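Architecture at a glance
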Amino acid sequence: MMPRRIKFLRIWLIAMTGVALVGVPLIAIAQQYTPPRRNLPGRRESAKTRFLGDTCLVGQKPLTALIPPNNFGTTTGKTLMLLWYVPDTKAKTAEVRLVDQADRSLYTTTIPLDNVPGIVTVQLPDRVATQMELNKAYQWQFSLTCTPNDPSKNPFVEGVVQRIPIEPSLSRALKAASNPRDRATVYAKASVWHDAIATLATQRCLNPGDATLQTSWKTLLQSVQLETFADAPLTKCGAIGKGE
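Description of the structure in this document. Small disclaimer: the values here were computed from a predicted structure and weren't measured. (Residues numbered from 1 in each chain as written. Predicted model: local features only at pLDDT ≥ 70, side-chain atom pairs only at ≥ 80, totals over all residues. Heavy atoms only, no water.)

Some points on the pairing of strand β3 (residues 80-86)
Within β3, seven of the seven residues are buried, leaving the element largely enclosed by the surrounding structure. Neither face of β3 is open: one carries L80, L82, W84 and V86, the other M81, L83 and Y85, and all of them are buried. Across two bridges, the pairing between strand β1 (residues 64-65) and β3 is antiparallel. Looking at the pairing, A65 lines up with W84 of β3. Summarising the sheet, β3 and strand β6 (residues 118-124) pair through seven bridges and their orientation is antiparallel. Bridge pairing in β6 places W84 opposite V120. (Buried < 20%, exposed > 50% of the residue type's maximum accessible area, 1.4 Å probe, protein only. Helix = DSSP H or I, 4+ residues; strand = E, 2+ residues; numbered from the N terminus. Pairing = 2+ DSSP bridges.)

Here's the deal with the state of the cysteines
Scanning all chains against the criterion turns up one disulfide. Covalently, C56 is tied to C146 through a disulfide, its sulfur atoms 1.7 Å apart. Sign of the S-S torsion, about -45° for the bond between C56 and C146, identifies this disulfide as left-handed. Placement of C56 in the loop between α2 (50-55) and β1 and of C146 in the loop between β7 (137-144) and β8 (156-163) is noted, with a sequence separation of 90 residues between them. Residue classification places C56 among the buried residues on the basis of a relative accessible area of 1%. Exposure remark for C146: the relative accessible area of 22% places this residue in the partly exposed category. (Disulfide = S-S within 2.5 Å.)

Below you can see the structure in the form of structure tokens.
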């Protein structure tokens, strides 16, 4: 079981009441993410220690969650996709955990790693996403299984996700969007991070040679200071759309 290293700060999470959606354009030019004005406890990059560098993380880039720098993201859907950059590592598996404000587990799974540096996606089952109450915050954690007998030494990243209702302005903008790329733009402008990146990731898997999608992907990651991972391959395209 994945240990909890950073307490879920309830005073912050209980106070969260949703993200206001203002000025959502019908069709935007590029996937520039507009972050909500809040910062939450979390860890977008794994710790850089001698232990991790010597025995588990082999690559130069750190284990990194593809989330905004404020460690917070929203979703409007009944599904939730989370993405991480996993560097060259000796770990064979990783663990994903989603908990509520009381640290009750909604979902825990172990996924195999391909030993290929790249972006790993996990789409949570629909039953899990629908258990997430609207406008309430949940914490996820992704941990590489480097030392099964001492999980406290495993490199990890974590963040906060919140499911929000689809406001009328967002609904109108999505209906006006003519294709998935435009819908990703609408989500990004509306500060709905997880829907924006999931839409583009799915389309990149379906159309790997589409240069326009690649440009949109780079623009989105650049807007949250993750451009260094824009050229990393999506390593589990076959799992996208198949929540466990």
